[in-house]
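What follows is the residue order along each chain.
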Amino acid sequence: MPTLRIKLPDQSEATHVLKGERISVGRRPDNTIQIIDRSVSAHHAELILIDGHYRLHDLESTNKSFVEGIPITDFHLHGTCKIGFGNVECEYDATPNEEEGPKLTMPQMEKDMAFLRAENQELLNKIDGLQRRIDILSSARLITGKSDTGALSTPDQVKKLSAERDEFRFHVSGLRLELEKLREELSATVRERDAARQANELLQAERAVMQGDIRGADKGATQRIHLFPHVQPQPASTPTPSPEAPAARPDDTDPPTKNIFVPTAVGASK
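For every chain, the first residue of the written sequence is number 1, and numbering continues from 1 onward in sequence order. Totals for whole chains, interfaces and linings use every residue, but because this is a predicted model, local features are given only for residues with pLDDT of at least 70 and side-chain atom pairs only at 80 or more, for both listing and counting. Heavy atoms throughout the structure, all of them, feed into the side-chain values; hydrogens and water do not.

Attention shifts here to the layout of surface pockets. Over the atoms rolls a probe the size of a water molecule, and its path tells where empty space is left. Looking at the largest pocket, its volume works out to about 1,600 Å³. Grid points spaced at 1 Å over the protein atoms alone were grouped into cavities, where a 1.4 Å probe fits but cannot get out, and pockets, open sets with protein on both sides within 12 Å along at least five of seven lines, with lining residues defined by an atom within 4 Å of a point. Taken together, 44 residues line the largest pocket, and the ones lying closest to its centre are Ala14, His16, Lys181, Leu182 and Glu185. Each helix is a run of DSSP H or I of at least 4 residues and each strand a run of E of at least 2, with the numbering of both proceeding from the N terminus. Listed by contribution, the elements that provide at least two residues to the lining of the largest pocket are strand S2 (13-17), strand S4 (33-34), helix H1 (106-138) and helix H3 (155-227). Counting residues per element, the lining of the largest pocket draws most heavily on H3, at 15 residues. Across the lining of the largest pocket, the residue classes break down as 17 nonpolar, 11 polar and 16 charged. Grid points are joined across faces, edges and corners, and a volume is the space filled by probe spheres set on the points. In this count, Pro and Cys sit with the nonpolar residues alongside Ala, Val, Leu, Ile, Met, Phe, Trp and Tyr, while Asp, Glu, Lys and Arg are called charged and the others, Gly among them, polar.

A few words now on unusual backbone geometry. The phi torsion at aspartate 51 lies on the positive side, around 55°, for a residue other than glycine. Within the fold, aspartate 51 resides in the loop between strand S5 (45-50) and strand S6 (53-58). Relative accessible area decides the class of each residue, using a 1.4 Å probe on protein chains only: under 20% of the type maximum gives buried, over 50% gives exposed, and in between gives partly exposed. In this structure aspartate 51 comes out as exposed when scored by relative accessible area, which is 75%. Positive phi values are uncommon outside glycine, yet glutamate 68 reaches one of about 55°. Note that glutamate 68 resides in the loop between strand S7 (65-67) and strand S8 (70-72).

Following DSSP output, two strands are said to pair if at least two bridges run between them. Judged from the 5 bridges that link them, strand S1 (residues 3-7) and S2 form a sheet pairing that is antiparallel. Residue pairing across strands places threonine 3 opposite valine 17, the latter belonging to S2. Following S1, the chain reverses through 5 residues before pairing antiparallel with S2; glutamine 11 in that reversal takes a positive phi of roughly 70°. Direction of pairing for S1 relative to strand S11 (residues 88-93): antiparallel, over a ladder of 5 bridges. Directly across from isoleucine 6, in S11, lies its bridge partner cysteine 90.

This part takes up the sheet that holds S5. Strand order in the open sheet formed by 5 strands is S4-S3-S5-S6-S9, with mixed pairing between adjacent strands. Each edge of the open sheet is held by one strand with a lone partner, namely S4 and strand S9 (74-77).

Attention now goes to the nonpolar core. General note: in soluble globular proteins, nonpolar side chains tend to be found buried as a group. Among buried residues, those of type Ala, Val, Leu, Ile, Met, Phe, Trp, Tyr and Cys that are joined through side-chain atoms within 4.5 Å constitute a nonpolar core. In terms of nonpolar packing, the biggest core is built from 21 residues, with Leu4, Leu56, Ile83 and Phe85 touching the most fellow members. Secondary structure elements with two or more residues in this core: S1, strand S3 (22-26), S5, S6, strand S10 (81-85) and S11. Once residues lying within four places of it in the same chain are set aside, the contact partners of leucine 56 are Ala45, Glu46, Leu47, Val67, Ile72, Thr73, Asp74, Phe75, Leu77, Ile83 and Phe85. Counting 13 residues, the second largest nonpolar core, distinct from the first, contains Leu123, Ile134, Val172 and Leu179. When checking whether two residues touch, look at their non-hydrogen atoms; a contact exists if any pair is within 4.5 Å.

Looking now at the pattern of salt bridges. Should the charged atoms of two oppositely charged side chains come close, the side chains can pair. When a carboxyl oxygen of Asp or Glu is within 4 Å of a side-chain nitrogen of Lys or Arg, the pair counts as a salt bridge. Considering all chains together, one arrives at 6 salt bridges under this definition. Note that aspartate 74 and arginine 55 form a salt bridge whose closest N and O atoms lie 2.2 Å from each other. With aspartate 74 in strand S9 and arginine 55 in strand S6, this pair connects stretches of sequence that are 19 residues apart. Taking the relative accessible area as the measure of exposure, aspartate 74 reaches 33% and is therefore partly exposed. Among the residues examined, arginine 55 registers a relative accessible area of 17% and is labelled buried. The partner of arginine 183 in a salt bridge is glutamate 180, and the shortest N-O contact between them spans 3.4 Å. Of the two residues, arginine 183 and glutamate 180 are both situated in helix H3; the distance of 3 residues between them amounts to about one turn of the helix. Look at arginine 183 and you get partly exposed, because its relative accessible area is 37%. Because the salt bridges share partners, they merge into one network encompassing Arg5, Glu13 and Glu91.

Here you go:
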């Protein structure tokens, strides 16, 4: 997908992957891409997707939009070029990025959330400190004293204090906008973490069900083996010769003795 790399005046850079049919660019936090710079209007320009490419449309901004240094009101971005929003320079890359980056793991999400929380707290501390200084400068006119009254009553001191107060207020406004953006990023990270947790829990549940099915299948196979054992054939028993009847010797030639029964006539004398 096309990308827009923004070079801020403080030498920092931010790269945005362009997605969607309409992308707004401006200083306000309700824009798709927020650029916190004085030269950028609240709603400076927008990128409109038409026939596979983006069209840059300027929203009547104060400091105009530029392509290759030329002010434009409407321009079709067919290739890689340099874009300007006020004094902020950007580089538009029209090359589609087909390879998606690796998804964040749970430890990386936790680290990002910890970093965003720490940066959020740091901005809150800065806002509180600047607010206290504004309150001190605002109440400086009410301070009474011989040594301070003369110094505070001079027009130059009053102008200096007023300018410093206005500068602090503008700085606080920018910090608040940045704080809102950090809160949105933190919310998006939390949603991604919750989605990753739900996916992980679903995978764990599916894994447990599959392991239970595998164990049940193994147990059923073992039971079938025990219910139908293989019957081994028993060998035929051979009679064991009695030790009391020795075998006949070869020289025993006498025929065996037979008992003959002779019937006796009735009435015969003995």
